[in-house]
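Next come the chains, spelled out residue by residue.
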Amino acid sequence: MGERVLRLERLRIEGSRKLYGELTVHGAKNSTLPILAASLLCKSEAVLHNCPALSDVDTAVRILRTLGCRVRRERDVLAIDSSQLCDDEIPENLMREMRSSIVFLGAVVSRLGKARLSFPGGCELGPRPIDLHLTALRKMGLSIREDHGCLECTVPGRLKGCPISLSFPSVGATENVMLAAACAEGTTVLSNAAREPEICDLADFLNACGARISGAGGSVIVIEGVESLGGCEHWVIPDRIVAATYLAAAAITGGELLLQHLDCSHLPLVLPAFEESGCLLKSEGDQLWVKAPERLRPVKSVRTMPYPGFPTDAQAPVMAVTSLADGTSVFVENIFESRYKHVGELLRLGANIKVEGRVAVVEGVPGLSGAPVMAPDLRGGAALLLAGLAAEGTTLLTGVHHLDRGYEAIEERLSSVGAVIHREFLPDSAE
Ligand code: UD1
């Protein structure tokens, strides 16, 4: 799917409809992508269940195929055979499509002893350097030459396990180190590691393939290198950000939803934020019932932090909800510099939000009204979709390709619980 084609789609949202019914949360994008990279290390077939149908997952599959893997897909199951891995170059167009493509680096060099790739792309959330990834891999013996935006990486023999301390618990750098260290010579002790549930999922996958990784979910991860990995069958964890977005859809429309197949333990600060906004929540097993209040209350303070803090990915969706609250909510974005691009678009719908540096102050308004808006990035796009669901009249949302990176069949899912959303395909000049 070329970006040009995707840009010419928009969602027509007829707002002011309460959502009622059941929604199933699909598998986590941010687990599926590193696990697909990890499948490069497997000498026999890896079978992954609960893989969402997302454009980022398609990109990862294209990277695997380019490198020589055979990948079969049947519904939400991906079977990856990396036994014939032959190429060490990830083409620039695929690197540019998503930032997570950088996690292929650790796996490719571990398997082939070399890799060629360019700097990654992804949502534009301010500077997203990869210095932590490169410093850690260099410490493991990787020689990296940066040349005209390209990285030429080689390692004589195997990578070497060693102590590594990250100056920030970067999710991507933690994953890259785990992938590089799983089959390295000796033991790697990774301190100040990211603690996100997706890190645990990656460790579970690798261990099921024969790796020796302990401590995932804590700040220190110990990876004892093994000679090689086999295959396994693995179920990807539910997507906690999709769960948060569905909760927000119930909250912002004054509706009531039963969410299926989610893990509430992955939403430690997100669920309290919805409770603070006045939503009733009841969980049982892998289900969560949410009922919105008559009028939403503000969420006094939302500070994004590495897990188990409030996730930066849920900041924009929750901000959309607070834009309709009876009072003032304050957001502090601590992970990324430019993660308020949705604010200007929310203002077009009638929200009252002021941004100063990392802080956004949301004065709730009694109602929003539909308007043409553009998704600036994946989660910012989700915030605008949510605001459109609640707004009076029609909202036309362009930049839909951002949403397709992280939400499977979003308009179909939301339509099944009462939203009125249509995807429109526009001629070139109409946008
Ligand atoms: C981040 C989020 C993750 C989210 C993803 C997509 C955190 C901690 N991570 O992961 O939950 O799913 O975005 O939105 O919330 N950094 C460096 N040098 C590096 C790597 C990172 O300076 O080599 C900085 C980044 O610029 C950023 C911060 O560290 O300010 C977080 O980066 P990281 O966790 O690596 O980001 P992602 O893996 O993209």
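Right, let's walk through the structure included here. Residue numbers run consecutively from 1 along every chain, following the written order of its sequence. Local features in this predicted model are restricted to residues whose pLDDT is 70 or higher, and side-chain atom pairs enter the listing and the counts only when it is 80 or higher, whereas totals over whole chains, interfaces and linings include all residues. Hydrogen atoms and water are omitted, and side-chain values are computed over all heavy atoms in the structure.

1. Brief notes about the overall build of the protein
Phase 1: The way it works is that DSSP assigns letters per residue, a run of H or I at least four long becomes a helix, a run of E at least two long becomes a strand, and they are numbered from the N terminus. The helix and strand tally for the protein stands at 15 helices and 23 strands.
Phase 2: The C-alpha atoms of the protein give a radius of gyration of 21 Å, which matches the 22 Å a tight globule of 431 residues would have.
Phase 3: Its C-alpha atoms give the protein principal-axis dimensions of roughly 65 × 45 × 40 Å.
Phase 4: Across the 431 residues in the protein, those meeting the buried criterion constitute 57%.
Phase 5: Of note, the protein has its 43 positive side-chain charges centred 2 Å away from the centre of its 53 negative side-chain charges. The atom set for the radius of gyration is the C-alpha atoms, and the globule formula is 2.2 Å times the number of residues raised to the power 0.38. A 1.4 Å probe rolled over the protein chains alone gives each residue an accessible area, and that area as a share of the maximum for its type sets the label: buried under 20%, exposed over 50%, partly exposed in between. Charge counting follows a simple rule: Lys and Arg are positive, Asp and Glu are negative, and His as well as the terminal groups are ignored. Charge placement uses NZ in Lys and CZ in Arg. For Asp and Glu, CG and CD serve respectively.

2. Thoughts on the state of the cysteines
Phase 1: In this description, a disulfide is simply a cysteine sulfur pair whose atoms lie within 2.5 Å. Evaluation of the coordinates by the stated rule reveals zero disulfides.
Phase 2: With no disulfide of its own, Cys-150 lies closest to Cys-153 among cysteine sulfurs, the gap being 10 Å.

3. Notes on the pattern of salt bridges
Phase 1: Any carboxyl oxygen of Asp or Glu within 4 Å of a side-chain nitrogen of Lys or Arg constitutes a salt bridge here. Evaluated as defined, the whole model comprises 23 salt bridges.
Phase 2: In this structure, the salt-bridge partner of Arg-116 is Glu-89, at a minimum N-O distance of 3.2 Å. Separated by 27 residues along the polypeptide, Arg-116 in strand E6 (residues 114-118) and Glu-89 in the loop between strand E5 (77-81) and helix H4 (92-97) bring together distant segments of the chain.
Phase 3: Given a relative accessible area of 33%, Arg-116 falls into the partly exposed group.

4. Comments concerning the sheet that holds strand E20 (residues 359-363)
Working definition: the strands of a sheet are paired by backbone hydrogen bonds and lie parallel or antiparallel to each other.
Phase 1: Paired strands are those between which DSSP finds at least two bridges. If you walk across this open sheet you meet the four strands as E17-E18-E20-E19, and the pairing is mixed. The sheet terminates laterally at strand E17 (301-303) and strand E19 (352-356), the two strands that pair on one side only. Ignoring strand direction, the axes of neighbouring strands in this sheet form an average angle of 15°.
Phase 2: With three bridges connecting them, E17 and strand E18 (residues 328-332) associate as parallel partners. Each bridged residue has a counterpart across the sheet, and for Val-302 the counterpart in E18 is Phe-331.
Phase 3: The sheet contacts of helix H11 (residues 312-322) involve E18, E19 and E20, and relative to E18 the element is tilted by about 165°. Throughout, an axis means a line fitted to C-alpha atoms (over the contacting stretch in the case of helices), and angles, computed between N-to-C directions, take values from 0 to 180 degrees. The contact definition used throughout considers only heavy atoms, calling two residues in contact when any of these lie within 4.5 Å.

5. Considering the packing of H11 against helix H12 (residues 341-348)
Phase 1: Packing of H11 against H12 brings their axes to within 11 Å, and their N-to-C directions diverge by 15°. With respect to H12, the element H11 is oriented roughly parallel. Between H11 and H12 lies a crossing whose hand is right-handed. Contacts between H11 and H12 involve Gln-315, Ala-316 and Met-319 from the first element and His-342, Val-343 and Leu-346 from the second.
Phase 2: Looking at the contact of H11 with H12, its residues break down into four nonpolar, two polar and no charged. Any angle from 65 to 115 degrees is called roughly perpendicular, while one under 35 is roughly parallel, one over 145 is roughly antiparallel, and all others are oblique. Take the far helix as the reference: if the near one is turned anticlockwise from it by less than a right angle, the crossing is left-handed, and if turned clockwise, right-handed. Each residue gets one of three labels, nonpolar for Ala, Val, Leu, Ile, Met, Phe, Trp, Tyr, Cys and Pro, charged for Asp, Glu, Lys and Arg, and polar for the others, Gly among them.

6. Focus: the site of the ligand
Phase 1: One heavy atom within 4 Å of a molecule or strand makes the whole residue count as near it. Taken together, the neighbourhood of the ligand is formed by 19 residues, with Asp-131, Leu-132, Ser-170, Asp-313 and Ile-335 sitting nearest.
Phase 2: At 2.9 Å, a backbone N or O of Gly-172 approaches an oxygen atom of the ligand.
Phase 3: For the accessible areas, the method is Shrake-Rupley and the probe is 1.4 Å, while residue cover comes only from the protein chains on display. Notes on the ligand: free accessible area 720 Å², of which the protein chains cover 85%.
Phase 4: Those elements giving two or more residues to the shell around the ligand turn out to be helix H6 (131-139), helix H7 (171-182) and H11.
Phase 5: At three residues, the largest contribution of residues to the shell around the ligand is made by H6.
Phase 6: Of the residues contributing to the shell around the ligand, the split by class is eight nonpolar, five polar and six charged. Within 3.5 Å is the distance limit for a polar contact, defined as a pair of N or O atoms, with the added protein rule that one can donate a hydrogen and the other accept it, and that residues adjacent in sequence qualify only through two side-chain atoms.

7. Regarding helix H9 (residues 240-253)
Phase 1: For a helix, the expected span equals 1.5 Å multiplied by the number of residues minus one. Taking 1.5 Å of rise per residue, the 14 residues of H9 would be expected to cover 20 Å, and the 20 Å separating its terminal C-alpha atoms lies within 8% of that figure.
Phase 2: At the N-terminal boundary of H9, the capping side chain belongs to Asp-239, with an oxygen 3.0 Å from the backbone nitrogen of Ile-241.
Phase 3: In the segment just after H9, Gly-254 is the residue with positive phi, at about 70°.

8. Some details on the side chain of Glu-198
Phase 1: Turning to its location among the elements, Glu-198 is positioned in helix H8 (residues 197-208).
Phase 2: Residue Glu-198 is classed as buried on the basis of its relative accessible area, which comes to 6%.
Phase 3: In this structure Glu-198 touches Asn-30, Ser-31, Ile-237 and Arg-240, once residues within four positions along its chain are discounted.

9. Observations regarding the packing of aromatic side chains
The relative placement of two aromatic rings is captured by the distance of their centres and the angle of their planes.
Phase 1: Centres within 6.5 Å make a pair out of two Phe, Tyr or Trp rings, where for Trp the six-membered ring is used; the pair is then stacked when the planes are under 30 degrees apart, edge-to-face when over 60, and tilted otherwise. Scanning the entire structure with this criterion turns up zero aromatic pairs.
Phase 2: Two thresholds decide whether a charge sits over a ring: the Lys NZ or Arg CZ must be within 6 Å of the ring centre and within 35 degrees of the ring normal. Here Lys-282 stacks its cationic end above the ring of Trp-289, 5.1 Å away from the centre of that ring.

10. Comments concerning H7
Phase 1: The end-to-end C-alpha distance of H7, which contains 12 residues, comes to 17 Å, matching closely the 16 Å that a straight helix rising 1.5 Å per residue would cover.
Phase 2: In terms of burial, H7 is largely enclosed, as 10 of its 12 residues are buried.
Phase 3: Turning to H7, its buried residues are Ala-173, Thr-174, Glu-175, Asn-176, Val-177, Met-178, Leu-179, Ala-180, Ala-181 and Ala-182.
Phase 4: At the N-terminal boundary of H7, the capping side chain belongs to Ser-170, with an oxygen 3.5 Å from the backbone nitrogen of Gly-172.

These results come straight from atomic positions and should not be treated as a statement about function.
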